[in-house]
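# Observations on the three-dimensional arrangement
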Amino acid sequence: MSDLLVSLYTDKLAELKTKADGVAVTIRPVLAPEAQLVTDWVREHFSANWASEVTVAITRQPSACLIAIEDGALAGFACYDAIARGFFGPTGVHPDKQGKGFGLALFSAALQTMKTLGHAYAFIGDAGPVDFYVKAAGAIEIPAENKGIYQGMLRAKRT
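Below, the structure is looked at part by part. (Residues numbered from 1 in each chain as written. Predicted model: local features only at pLDDT ≥ 70, side-chain atom pairs only at ≥ 80, totals over all residues. Heavy atoms only, no water.)

This paragraph deals with the sheet that holds strand β1 (residues 2–7). Strand order in the open sheet formed by seven strands is β2-β3-β4-β5-β6-β1-β7, and the pairing between neighbours is mixed. Each edge of the open sheet is held by one strand with a lone partner, namely β2 (26–29) and β7 (140–141). As paired elements, strand β4 (residues 73–80) and strand β5 (residues 87–93) share four bridges and run antiparallel to each other. The partner of Y80 across the bridge, within β5, is F88. Here helix α2 (residues 35–45) sits on the sheet and contacts β3 (65–70) and β4; the angle it forms with β4, its principal contact strand, is near 90 degrees. Here helix α3 (residues 48–59) sits on the sheet in contact with β3, β4 and β5, set at roughly 75 degrees to β4. (Pairing = 2+ DSSP bridges. Helix = DSSP H or I, 4+ residues; strand = E, 2+ residues; numbered from the N terminus. Contact = heavy atoms within 4.5 Å. Axes fitted to C-alpha atoms, helices over the stretch in contact; angles between N-to-C directions.)

This is the structure in structure tokens:
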């Protein structure tokens, strides 16, 4: 997978925010008392590695993990500044909640927050849905194949 770069000073970011504002979901930072619940949810629905990054993001001040809530239930999450400063991710939406724009809303809120905190660019390491990031925010590929921040990372074996 490729690493991507997103300018936080582009018209695409304003367009993204306009689209995200129309999504019927609450996006907010994780509260400290919710840390274990959110981390467990990410581990259950995604991976232990992502749960580790969520733990780091939640412990930042302010929390660098945003959650999507629909009808009082956790529907998705997005982190920034977890693996390194300036990085967006990990992010995920529960499979039953996909297709409702929650991922778009989380992505937009995270980028807007990163811009407010003084970032000029956001990196997306090992970007999964590259086409989504290109279309949504004008992301461009960083030409450094197999040289991303996750290179050589220890990973749990799946059974």
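Let's shift gears to the pairing of β5. Regular strands place their side chains on alternate faces of the sheet. Most of β5 sits out of view: seven of its seven residues are buried. Hairpin connection of β4 to β5: six residues between the antiparallel strands, including D81 at a positive phi of 55 degrees. One ladder, built from two bridges, connects β5 with strand β6 (residues 121–127); its direction is parallel. Note on β6: the bridge partner recorded for F88 is I124. The handedness of the β5 to β6 crossover, carried by helix α4 (residues 102–116), is right-handed. (Buried < 20%, exposed > 50% of the residue type's maximum accessible area, 1.4 Å probe, protein only. Right-handed = clockwise from strand over helix to strand, strands pointing away.)

Helical geometry note: an α-helix holds 3.6 residues per turn, so side chains three or four residues apart project in the same direction. Listed in full, the buried residues belonging to α2 are V38, T39, W41 and V42. Seen from one end, α2 has its buried residues packed into an arc of 160 degrees, which puts them on one side. Along α2, exposed side chains directed more than 90 degrees from the buried face belong to Q36, L37 and E44. Buried residues along α2 sit against α3, β3 and β4. (Arc of directions from axis to C-beta.)

A few words now on the packing of α4 against helix α5 (residues 130–137). In contact at an axis separation of 12 Å, α4 and α5 are set at 60 degrees when each is read in the N-to-C sense. Taken together, the axis directions place α4 and α5 in an arrangement best described as oblique. Considering how the two elements wind past one another, α4 and α5 form a crossing that is right-handed. For the pair α4 and α5, the contacting residues are G103, L104, F107 and L111 in the first and F132, Y133, A136 and A137 in the second. A breakdown of the residues in the contact of α4 with α5 according to their chemical character gives seven nonpolar, one polar and no charged. (Parallel < 35°, antiparallel > 145°, perpendicular 65-115°, else oblique. Left-handed = near helix turned anticlockwise from the far one by under 90°. Nonpolar A, V, L, I, M, F, W, Y, C, P; charged D, E, K, R; others polar.)

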